[in-house]
Amino acid sequence: PRRVTQGDIARVAGVTQPTVSLALRNDPSVIPRTRERILALARELGYEPDPYLSGLAAYRTRNRPPAYQATLAWLTNYPGRNGWRSPPQFVQYHEGAVERAATLGYRIEEHWLGDPGVKPAQVARVLRSRNINGLFLPPQPEPLSLVGFPWEIFSAVGFGYTLIEPSLHLVTSHQYRAARLVYRKLRERGYRRIGLAMERSTDDRVDNMFTAGVASLQLDLPETSRVEPFLGVGYKRDEFLRWFETVRPDAVIIKWPATIDWLRAAGHRVPEDVGVAFVSLPHRRAGLAGVDENPREVGRRATDKLVELIRAGERGPPAVPMLTLIEGSWIDGPSIRPAT
């Protein structure tokens, strides 16, 4: 039998073929009532996409210069307008998102929720007046809920775990596997007493994935090789050094570069006396070993997810949020002893 085409559906539905094409892609430009009617007719008539035509269309799309589609909002909530730029990983999230958005025909604008005297509903009205339907929610300054914002009229994707409410689709680094990767690499280099040291709030911000990753690998070790983590409040030098002198690790997994300076000032040679590796490298720079969390890739995948939601017409917090985890990459460096 002859394959049912989009033209067949258009004739039965009394609409144009381009309208059918948009409806089958769940494009929000087709009103929901019309879109649902076309989708029902497609099922009734037994329409199935032609995989060869779909492949040809995808090829043409990839090789066509992207046309401007829309503007997306990078919605921040730090006390200062540029406070979110302090962690280098957050800046790289933004850079990756901007790069990927440009290839899809989108632009990204920064919008700030922290302006004194401006309520969230007012920010939402500004976004709607500019025809902005898609939102990026980068990591928050503290774990919190954003109330009073009309999420139901926007498509939104969050970064990380710090936004407690609403529960959105998230894209983030796979911190649990990053911690396990660092620990295994240190074991391969011959280190046996490996300790984790960071500010407690740093681990809390990633849903305690760093401590969970390290603890999972210590379960099968003899008790003499297990090291209690240092989770300081404020991560202070004297408290860290007291912990270090008490537990005597031969390697430390850290988050902040100042730790190396503290160890050297206290007379410990790195890496001769103690190896140091980062669970999240601030940059791929010489002299440091650890995991690059690939933050640009996090930004790129977040853009793909947001554009997918916009094209599918999905607005508001999802009934079942999805979590996309990006693997980190091991970067060797002389802050640990060389491989033998």
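Residues numbered from 1 in each chain as written. Predicted model: local features only at pLDDT ≥ 70, side-chain atom pairs only at ≥ 80, totals over all residues. Heavy atoms only, no water.

A.B. asks: Would you explain the confidence of the model for the chain in this entry?
C.D. replies: In low-pLDDT regions, the fine details of the predicted coordinates are not to be read closely. Predicted confidence across the chain gives a mean pLDDT of 90, with 94% of residues reaching 70 or more. The spread of mean pLDDT over the elements of the chain runs between helix H4 (residues 51–62), the lowest at 58, and strand E10 (residues 251–254), the highest at 98. (pLDDT = per-residue confidence, 0-100. Helix = DSSP H or I, 4+ residues; strand = E, 2+ residues; numbered from the N terminus.)

A.B. asks: It is not clear to me how the pattern of salt bridges should be interpreted in this structure. Could you clarify?
C.D. replies: Side-chain pairing between opposite charges can occur once the charged atoms of the two side chains come close. The final tally for this structure, using the stated rule, is 16 salt bridges. Residue Asp238 is joined to Arg237 by a salt bridge in which the shortest nitrogen-to-oxygen separation is 3.1 Å. The partner of Arg300 in a salt bridge is Glu297, with the nearest N and O atoms 3.0 Å apart. In this pair, Arg300 and Glu297 are both assigned in helix H12 (residues 295–312), three residues apart and thus about one turn of the helix distant. A relative accessible area of 24% places Arg300 in the partly exposed class. (Salt bridge = Lys/Arg side-chain N within 4 Å of Asp/Glu carboxyl O. Buried < 20%, exposed > 50% of the residue type's maximum accessible area, 1.4 Å probe, protein only.)

A.B. asks: Can you help me understand the sheet that holds strand E11 (residues 275–278) in this one?
C.D. replies: Backbone-to-backbone hydrogen bonds join strands into a sheet, with any given pair of strands oriented parallel or antiparallel. Spatially, six strands are ordered E9-E8-E10-E11-E12-E14 in an open sheet, and the strand pairing comes out mixed. Each of the sheet's edge strands pairs with one partner strand only, and the pair in question is strand E9 (230–232) and strand E14 (329–331). With direction set aside, neighbouring strand axes in the sheet form an average angle of 20°. Pairing of strand E8 (residues 194–199) with E10, which is carried by four bridges, proceeds in the parallel orientation. Its bridge partner lying in E10, Ala197 is registered against Ile254. (Pairing = 2+ DSSP bridges. Axes fitted to C-alpha atoms, helices over the stretch in contact; angles between N-to-C directions.)

A.B. asks: Is there a simple way to explain the side chain of Thr162 in this structure?
C.D. replies: With respect to the element layout, Thr162 can be found in the loop between strand E5 (155–159) and strand E6 (163–165). Among the polar contacts made by the side chain of Thr162, one reaches the main-chain amide nitrogen of Gln140 at a distance of 2.8 Å. Contacts of Thr162, omitting those with residues within four sequence positions, involve Pro139, Gln140, Glu142, Pro143, Leu144 and Arg205. (Polar contact = N/O pair within 3.5 Å; in protein donor to acceptor, adjacent residues only side chain to side chain. Contact = heavy atoms within 4.5 Å.)

A.B. asks: I tried to follow the packing of helix H7 (residues 175–188) against helix H9 (residues 209–218) on my own but got confused; where do I start?
C.D. replies: The contact between H7 and H9 brings their axes to 7 Å, and the two run at 45°. Judged by the inter-axis angle, H7 sits oblique to H9. As for the relative orientation of H7 and H9, their crossing is right-handed in sense. Contacts between H7 and H9 pair Gln175, Tyr176, Ala179, Arg180, Tyr183 and Arg184 from the former with Met209, Phe210, Ala212, Gly213, Val214, Ser216, Leu217 and Gln218 from the latter. (Parallel < 35°, antiparallel > 145°, perpendicular 65-115°, else oblique. Left-handed = near helix turned anticlockwise from the far one by under 90°.)

A.B. asks: Sorry if this is basic, but what is going on with the pairing of E8 here?
C.D. replies: In summary, the side chains of a regular strand alternate between the two faces of the sheet. Burial of E8 is extensive: five of the six residues sit out of reach of the surface. Bridge analysis of E8 against E9 gives three bridges, and the strand direction is parallel. Paired with Met198 across the two strands is Leu231, which belongs to E9.

A.B. asks: Can you walk me through helix H2 (residues 17–24) in this structure?
C.D. replies: For an α-helix, the turn length of 3.6 residues means that residues three or four places apart are oriented alike. Of the positions making up H2, those classed as buried are Val20, Ser21 and Ala23. Take H2 and look down its axis: the buried residues cluster within an arc of 165°, on one side only. In this structure, the buried side of H2 is in contact with helix H1 (6–13) and helix H3 (32–45). After H2 finishes, the residue Asn26 shows a positive phi value of roughly 55°. (Arc of directions from axis to C-beta.)

A.B. asks: Would you explain unusual backbone geometry in this entry?
C.D. replies: What is expected of a backbone is that most residues other than glycine have negative phi and most peptide bonds are trans. Look at the link from Glu165 to Pro166: it is a cis peptide, with omega at 5°. One can find Pro166 in the loop between E6 and strand E7 (169–173). Note the cis peptide between Val270 and Pro271, where omega equals 10°. Relative to the elements of secondary structure, Pro271 occurs in the loop between helix H11 (258–265) and E11. With phi around 60°, Asn131 is a residue other than glycine that occupies positive phi space. With respect to the element layout, Asn131 can be found in the loop between helix H6 (120–129) and strand E3 (134–137). Positive phi is not limited to glycine here, since Asn208 has a value of about 60°.

A.B. asks: I'm lost on the packing of helix H5 (residues 88–104) against H12 in this one. Help?
C.D. replies: The packing of two helices is summarised by the inter-axis angle and the distance between the axes. In the contact formed by H5 and H12, the axes pass within 7 Å of each other and the chain directions differ by 45°. With respect to each other, H5 and H12 are oriented oblique. The element H5 and its partner H12 pack so that their crossing is right-handed. Two secondary-structure elements touch here, H5 through Gln89, Gln92, Tyr93, Glu95, Gly96, Ala97, Glu99, Arg100, Ala101 and Leu104 and H12 through Pro295, Arg296, Val298, Gly299, Arg300, Thr303, Asp304, Val307 and Arg311. Among the residues forming the contact of H5 with H12, the class breakdown is seven nonpolar, five polar and seven charged. (Nonpolar A, V, L, I, M, F, W, Y, C, P; charged D, E, K, R; others polar.)

A.B. asks: What should I look at first to understand the nonpolar core in this one?
C.D. replies: A general trend in soluble globular proteins is that nonpolar side chains are found buried together. Leu186, Ile253 and Trp330 are the most contacted members of the largest nonpolar core, which has 24 residues in total. Elements represented by at least two residues in this core include exactly H7, E8, H9, E10 and strand E12 (289–292). The element that contributes the greatest number of residues to this core is H7, accounting for six residues. Among residues more than four places away in sequence, those in contact with Leu186 are Tyr191, Ile194, Ala251, Ile253, Ala277 and Ile336. With 22 residues, the next largest nonpolar core counts Ala97, Phe136, Ala302 and Leu306 among its residues. (Core = buried A, V, L, I, M, F, W, Y, C linked by side-chain atoms within 4.5 Å.)

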